[in-house]
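Each chain is listed here by its residues.
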Amino acid sequence: METLLPGVRLARSDELTLLQDVEWDSGQRFRRIGMDSIADDDPPDIATFQAFQRGDRAWVVVDELDRPVGFALAVEVDGGAHLQQLSVLENHGNQGLGRRLVDQVEQWGREHDLAAVTLSTFRDVPWNGPMYARWGFEVIPLDQLGPGLKGLRDDEAEWGLDVDARQFMVRPIPTVAG
């Protein structure tokens, strides 16, 4: 059984539609910076959330009524714990919940002998690239992307994202001395 950090739990199958709501709400911030196409994107479908949830790779932070207010999804890519998605309700932002979820993905990676946490994000959006940099992530130069991350970049281009406005980042997972 995997170790869960305080305040984080695995997502339950009965709350996957709530995760879609969290994703939709968190995307609305992009409207304020003129990125309406991102705000208009549909959240992942239930089948996508189910795959992560069934694989114990979907974590949530909850409110006082145990309702999800943020979530993280992860997958293994190129020997790293890749943060596929991180979303927090806007009215629960700036409380450290996203950071806690990223730390949970790191814990999952550590328990699966993965070397780092990776992610793809918008370079200049304040709650994207600059935030992850504050959390210890560094940019991965394009010529150093592994085949899995290159494939994810190709997927992003196929989805219509401006890949030139995005970057991949990495944060090594410290090993725990035993």
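The preceding data block contains the structure.
Criteria and cut-off values
- Within each chain, residues carry numbers counting from 1 in the order of the written sequence.
- For this predicted model, a pLDDT threshold of at least 70 governs which residues receive local features, and a threshold of 80 or more governs which side-chain atom pairs are given and counted, while totals over whole chains, interfaces and linings are taken from all residues.
- Note that the side-chain values use all heavy atoms of the structure and ignore hydrogens as well as water.
- Note on conventions: DSSP H or I runs of at least 4 residues are helices, E runs of at least 2 residues are strands, and numbering of each starts at the N terminus.
- Contact definition: two residues touch when any of their heavy atoms are within 4.5 Å.
- Any pair of nitrogen or oxygen atoms within 3.5 Å is treated as a polar contact; in protein, a donor-acceptor pairing is required on top of that, and neighbouring residues in sequence qualify only through side-chain atoms on both sides.
- An expected span of 1.5 Å times one less than the residue number is assigned to each helix.
- Whether a residue is buried, partly exposed or exposed follows from its accessible area with a 1.4 Å probe, protein chains only, as a fraction of its type maximum: under 20%, in between, or over 50%, in that order.
- Starting at the helix axis, one direction is taken to each C-beta atom, and the arc is that of these directions.
- Detection works on a 1 Å grid of protein atoms alone, calling trapped sets that fit a 1.4 Å probe cavities and calling open sets with protein on both sides within 12 Å along at least five of seven lines pockets, with lining residues defined by an atom within 4 Å of a point.
- Grid points are joined across faces, edges and corners, and a volume is the space filled by probe spheres set on the points.
- Gly falls in the polar group here, along with every residue not listed as nonpolar (Ala, Val, Leu, Ile, Met, Phe, Trp, Tyr, Cys, Pro) or charged (Asp, Glu, Lys, Arg).

1. Some thoughts on the environment of D40
Okay, step 1: Within the secondary structure, D40 sits in the loop between α2 (36-39) and α3 (46-54).
Okay, step 2: Sequence separation between D40 and F30 is 10 residues, and the spatial gap between their C-alpha atoms is 9.2 Å.
Okay, step 3: Residues within four places of D40 in sequence aside, it is in contact with W24 and R31.
Okay, step 4: Reaching out from D40, the side chain makes a polar contact with the side chain of R31 at a distance of 2.6 Å.

2. Things to note about helix α6 (residues 147-158)
Okay, step 1: Between the first and last C-alpha of α6 there are 16 Å, a value that for 12 residues agrees with the 16 Å anticipated at 1.5 Å per step.
Okay, step 2: For α6, the complete set of buried residues consists of L149, L152 and E156. Seen end-on, α6 carries its buried residues on one side only, within an arc spanning 55°. Residues of α6 that are exposed and point over 90 degrees away from its buried face: P147, D154 and E158.
Okay, step 3: Turning to α6, the residues buried within the fold contact β3 (68-77), β4 (80-88), β5 (116-122) and β7 (166-172).

3. With respect to the layout of surface pockets
Okay, step 1: As a volume, the largest pocket reaches approximately 1400 Å³.
Okay, step 2: Along its surface, the largest pocket is lined by 49 residues, and E23, F30, Q85, L86 and S87 are the ones closest to its centre.
Okay, step 3: At the level of elements, α1 (16-27), α2, α3, β4, α4 (97-111), β5, α5 (129-134) and α6 are the ones that each hand at least two residues to the lining of the largest pocket.
Okay, step 4: The element best represented in the lining of the largest pocket is β4, accounting for 7 residues.
Okay, step 5: Here the lining of the largest pocket is built from residues that sort into 23 nonpolar, 16 polar and 10 charged.

4. Topic: the environment of A74
Okay, step 1: Within the secondary structure layout, A74 lies in strand β3.
Okay, step 2: By relative accessible area, A74 is classed as buried at 0%.
Okay, step 3: Separated by 37 residues in sequence, A74 and E111 have C-alpha atoms that sit 13 Å apart.
Okay, step 4: In contact with A74, other than residues within four places in its own chain, are F52, R57, W59, H82, Q84, V105 and W108.

5. Section: the environment of L119
Okay, step 1: Assignment of secondary structure puts L119 in strand β5.
Okay, step 2: Remark: the alpha-carbon pair of L119 and A81, spanning 38 residues in sequence, is separated by 8.6 Å.
Okay, step 3: Leaving out residues up to four positions away in the same chain, L119 has contacts with H82, L83, Y132, F137, Q167, F168 and M169.

6. What to know about α3
Okay, step 1: Within α3, burial applies to F49, F52 and Q53. Seen along its axis, α3 keeps its buried residues to an arc of 100°; they face one direction.
Okay, step 2: Residues of α3 that are buried make contact with α1, β2 (58-62), β3 and β4.

7. Brief notes about the side chain of E15
Okay, step 1: Structurally, the position occupied by E15 is in the loop between β1 (9-10) and α1.
Okay, step 2: Engagement of the side chain of E15 in a polar contact is seen with the side chain of R9, the distance being 2.7 Å.
Okay, step 3: When neighbours within four sequence positions are excluded, E15 is seen to be in contact with R9, L10, V60, D66 and P68.

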